[in-house]
Amino acid sequence: MISTPEFLVRNLLLGIKEGDEAAFEVFYRMERNNLVHFVASYVKDTQTAEDIAQETLLKVWESRGALDPGRNLRAFTFTIARNRTLDYLRTYRPHASLAECEALCDPALDGLIETLDLERLVKKTFLALPPKVRDTFLSSRRKGMRNRDIALEEGITEKAVEHRIGTALKAFRKVFR
């Protein structure tokens, strides 16, 4: 099962792709302030940031037919916002510091945007694991429990714990190769 926020955004993407204005309205309300804040941190002007956020969301709507249901809508939107912000800085603030432009071109920002997709992929892979494998893997990795303790807690052998953890790791390796 997919978590509620991811499920919601995925359904919104599908609705937007089909031209559903109500779905776009929900996405618009969810992301507008995030976009304004993101852009304002670079342009240092709230009105300009609001304009760029509006243009970004308009571009998402105009590009709706090309949206890929397998991609992250938020990452797509923030990539557009970043590019529009760079265009603004180059065009209307040619005196903008090199640092401002470099910050938007920084591979780390690309990484943050790509992280939105990566988080989705990790979550999707994790949720596709059988429930017992998922529980064992969580106990091992998130709770930091030893295999012996997991075996006692779950009423299985240590070998079964090792097998379940191995199954989870194989699933992740397969996806991230």
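Residues numbered from 1 in each chain as written. Predicted model: local features only at pLDDT ≥ 70, side-chain atom pairs only at ≥ 80, totals over all residues. Heavy atoms only, no water.

**Student:** Where do I start with the overall build of the protein chain in this structure?
**Tutor:** For the protein chain, the count of helices and strands is nine helices and zero strands. The helix and strand sequence of the protein chain, counted from the amino end, reads α-α-α-α-α-α-α-α-α. Residues counted as buried form 37% of the 177 residues belonging to the protein chain. Relative to all contacts within the protein chain whose residues are 6 or more apart in sequence, the contacts with residues 24 or more apart total 62%. (Helix = DSSP H or I, 4+ residues; strand = E, 2+ residues; numbered from the N terminus. Buried < 20%, exposed > 50% of the residue type's maximum accessible area, 1.4 Å probe, protein only. Contact = heavy atoms within 4.5 Å.)

**Student:** Even after reading the chapter, I still don't get the nonpolar core, so can you show me in this structure?
**Tutor:** Nonpolar side chains tend toward joint burial in soluble globular proteins. The biggest cluster of nonpolar side chains holds 27 residues, and the ones touching the most others in it are I16, F24, V39, V43 and L73. Sorting the residues of this core by element identifies α1 (4–17), α2 (21–43), α3 (46–62) and α4 (73–92) as the ones contributing at least two each. Considering every element that reaches this core, the biggest residue donor is α2, with 10 residues. When neighbours within four sequence positions are excluded, F24 is seen to be in contact with I16, L57, V60 and W61. Membership of the second largest hydrophobic core comes to 10 residues, among which are F137, A151, V161 and F172. (Core = buried A, V, L, I, M, F, W, Y, C linked by side-chain atoms within 4.5 Å.)

**Student:** Help me out: how do you make sense of the environment of L58 in this one?
**Tutor:** You can see L58 is positioned in helix α3. In the structure, L58 is positioned 30 residues away from Y28 in sequence and 9.5 Å away in space, judged by C-alpha atoms.

**Student:** Any chance you could explain the packing of aromatic side chains here in plain terms?
**Tutor:** What characterises a pair of aromatic rings is the spacing of the ring centres plus the angle enclosed by the ring planes. Going through the model one piece at a time under the given rule, you end up with four aromatic pairs. Note on F38 and F78: the rings are 5.4 Å apart at their centroids and 75 degrees apart in plane angle, and the pair reads as edge-to-face. With a gap of 40 residues between them, F38 in helix α2 and F78 in helix α4 connect regions that are remote in the sequence. Among the residues examined, F38 registers a relative accessible area of 13% and is labelled buried. Aromatic ring contacts, followed pair by pair, group F24, Y28 and W61 into a single cluster. (Phe/Tyr/Trp six-rings, centres within 6.5 Å; stacked < 30°, edge-to-face > 60°.)

The quantities given are spatial measurements derived from coordinates; they are silent on function.
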